[in-house]
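# Secondary and tertiary structure notes
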Amino acid sequence: MNFSIERPTVLYLLVALIPFVFYSVAKYRHFVKTMGAKKTAHVKRRFALRLSCISLSLASLIISFSGISWGTVSLPVQKNGTAVSLVFDISYSMTANDAPGGMTRLESAKSFALELLDRIPGASVSVVIAKGDGSVIVPLTDDRETVKEMISVLSPGMMTSVGTSLGSGIETAIASFPRQSQFAGHVWLFTDGDETDASLSQALTNAGRYGIPVAIIGFGSERESEVLAGDGSTKVRTALRSQALEKLVSQSHSALYVDASEMGSAYLLLRTLNSGNQESDTNVTYEIQTVERSYMFILLAILFFIASYIFSEFTLPKKGQLLLAGVGAVILLTGCSERFDAGKRLLEGSVQWNRKNYPNAVAQYLIAGDIARECQDEELADYALFGLATTYLMQDESEAALRRYGAISSDASDSIKFAVLYNSGIIAHQNGDYQKAASYFRDALRIDSTSIDAKINLELSLQSAATQSKSQEQTLTPVSENSESEVLEQALYSVIRENEQKLWKSQQQSVQSTAADY
């Protein structure tokens, strides 16, 4: 079970509860001496219950502020586009020539990778080498020629580091993807499975937390081969560690192992990239995150505080105390309704949106939408769609935003309808369709005529539309027959015609005189 505390130093405040308890006990003893021994037992029971509940309330409040989390949950995150990081094991064990066709493992890995590159034309690619520590030799790019050139020259001599750290290669590949990227990241590791620091397991876990699936492609034979170590003299025996790799993959939520020598291995890899919607180039990845429990401890703090007041102010029979404890247990164990859970997801999505953490906001809105559809709550589904569309709009994914706006029901609240029309007008204006933008803003004002922003945007859209139509008219207006260039052209032709006529007349006169002389 994953357990983490975001702010562990806050837990030191729990130590402050010790002097608080001693002070409360001292005050209680002073109170008993003042009252006498007649009601000591009754008061003692009330005091003990009250002090216990207040202490537990304060402790729960402190723990909630520490940001405690445990357990894991898969959060869906929608991505547009694909990015692949190719991680190559270039250790000396990859020089063993036990790959198909008598090639070395590294040569086979390079040939395999080059074949895959031709089949993923729309994906951005980076190249990472793992020998010792991981190192990015080609950042994320669409330039395939550069990627192919670097892959073709890979060799163990490119790095002087000793050992093999496959985990460092994967961690470096994860870091090569921008944190707020809209692309769905994938890591392909080309290796024989030999590693010296046993870091691969933790790297696969970290990749799952970021929602980045890892595919491990094995090269070589399971029978040992002899190769020279980095010193050029020591001979070592090495083999493909397929069983160890398969065991690691089985323990991970988002990893895949394929043997490069098996039929269909390339197809399995390509299929992992095409898990999304082919028409819209959309992928849904799942980030493995720990579940924050702060809200639960805040609820406990409130319940313990209420219990302290009840125990100190009211005298309850034992049956009443048991009933109260049972009600509290039911509240804590059964949790809240599905509608409340969906509302909590919407609130968390809004918080993440305000923090500009748009991937997490998308995840929360997707979960809220799934819950709303399960319980057939159309109102919550509309709010989830609106939040999702607005988040896409902030990520400059206008088409995805418009699709979500179009999916909102016609029975949505006026506030949602107004916001949908207003944001659609913004998108149309950004795309240069000013007439359509004006129509959206006009419809939005029919819902809320008091919106100053909508009125301003309507005027701006109308002015932009008028300017656009004037510019088009100027572009389409034919050239006037009396334009300056044409007048000059006609004058030039007139001069030429006059000169030709004079020349013709002189030639005619010349011919007549010559004929008479003859």
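In this report, the structure presented in the accompanying data block is examined.

Cut-offs applied
- Residues numbered from 1 in each chain as written.
- Predicted model: local features only at pLDDT ≥ 70, side-chain atom pairs only at ≥ 80, totals over all residues.
- Heavy atoms only, no water.
- Pairing = 2+ DSSP bridges.
- Helix = DSSP H or I, 4+ residues; strand = E, 2+ residues; numbered from the N terminus.
- Axes fitted to C-alpha atoms, helices over the stretch in contact; angles between N-to-C directions.
- Polar contact = N/O pair within 3.5 Å; in protein donor to acceptor, adjacent residues only side chain to side chain.
- Contact = heavy atoms within 4.5 Å.
- Phe/Tyr/Trp six-rings, centres within 6.5 Å; stacked < 30°, edge-to-face > 60°.
- Buried < 20%, exposed > 50% of the residue type's maximum accessible area, 1.4 Å probe, protein only.
- Patch = residues over 30% accessible without salt bridge, like charges linked within 9 Å, V, L, I, M, F, W, Y side chains within 5 Å.
- Areas by Shrake-Rupley, 256 points an atom, 1.4 Å probe, with all protein chains shown as cover.
- Salt bridge = Lys/Arg side-chain N within 4 Å of Asp/Glu carboxyl O.
- Parallel < 35°, antiparallel > 145°, perpendicular 65-115°, else oblique.
- Left-handed = near helix turned anticlockwise from the far one by under 90°.
- Arc of directions from axis to C-beta.
- Nonpolar A, V, L, I, M, F, W, Y, C, P; charged D, E, K, R; others polar.
- Core = buried A, V, L, I, M, F, W, Y, C linked by side-chain atoms within 4.5 Å.

Right, let's talk about the sheet that holds strand β5 (residues 133-141) for a bit. Strand order across the open sheet formed by 6 strands is β5-β4-β3-β6-β7-β10, with mixed pairing between neighbours. One side of each edge strand has no neighbouring strand; the edge strands of this open sheet are β5 and β10 (255-259). Recorded for the sheet is a direction-independent mean angle of 20° between the axes of neighbouring strands. Summarising the sheet, strand β3 (residues 82-89) and strand β6 (residues 184-191) pair through 7 bridges and their orientation is parallel. Bridged to A83 within β6 is G185.

Looking at where S126 falls in the secondary structure, it is placed in strand β4 (residues 124-131). Here the side chain of S126 touches S85 through a polar contact of 3.0 Å, side chain to side chain. Once residues within four sequence positions are removed from consideration, S126 is found in contact with V84, S85, L86, V138, P139, L140 and S176.

Two aromatic rings, taken as a pair, are described by how far apart their centres are and by the angle between their planes. Using the criterion set out here, one finds 6 aromatic pairs in the structure. Taking 4.8 Å as the distance between ring centres and 10° as the angle between the ring planes, the aromatic pair formed by F88 and F190 counts as stacked. Here F190 lies in strand β6 and F88 lies in strand β3, a separation of 102 residues in the sequence. With a relative accessible area of 0%, F190 lands in the buried category. An aromatic cluster of at least three residues, connected via ring pairs, comprises F88, F112, F190 and F219.

On the surface, a cluster of nonpolar side chains totalling about 380 Å² of accessible area is made up of I298, I302, F305 and I306. Within the element layout of this structure, I306 appears in helix α9 (residues 294-313).

Bringing the packing of helix α12 (residues 358-374) against helix α13 (residues 378-394) into the picture now. At a minimum axis distance of 8 Å, the contact between α12 and α13 shows a crossing angle of 160°. In terms of their interaxial angle, α12 and α13 are classed as roughly antiparallel. As α12 runs across α13, the sense of the crossing is left-handed. Only L380, A381, A384, G387, L388, T391, Y392 and M394 of α13 make contact with α12, whose side of the interface consists of Y358, A361, V362, Y365, L366, A368, G369 and A372.

Here we come to helix α14 (residues 398-407). The set of residues buried in α14 consists of S398, A400, A401, R404 and Y405. Along the axis of α14, the buried residues cluster in a sector spanning 160°; they form a single face. Exposed positions of α14 whose direction lies more than 90 degrees from the buried face are E399 and G406.

Turning next to the packing of helix α3 (residues 105-117) against helix α4 (residues 144-152). Here α3 crosses α4 at 170°, and the two axes come no closer than 10 Å. One finds that α3 runs roughly antiparallel with respect to α4. Taken together, the residues of α4 that come into contact with α3 (itself represented by K110, A113, L114 and L117) are R144, V147, K148, I151 and S152. Looking at the contact of α3 with α4 residue by residue, the classes come out as 5 nonpolar, 1 polar and 3 charged.

Of all hydrophobic cores here, the largest spans 31 residues; its most connected members are L86, F88, I120, I151, W188, F190 and I217. Listing elements by their share of this core, those giving two or more residues are β3, α3, β4, α4, β6, β7 (214-218) and α8 (265-273). In terms of residues, this core owes the most to one element, α3, which gives 6 residues. In contact with I217, other than residues within four places in its own chain, are F112, W188, L189, F190, T191, V258, A260 and L269. Among the nonpolar cores identified, the runner-up in size contains 28 residues, and L366, A372, L385 and I416 belong to it.

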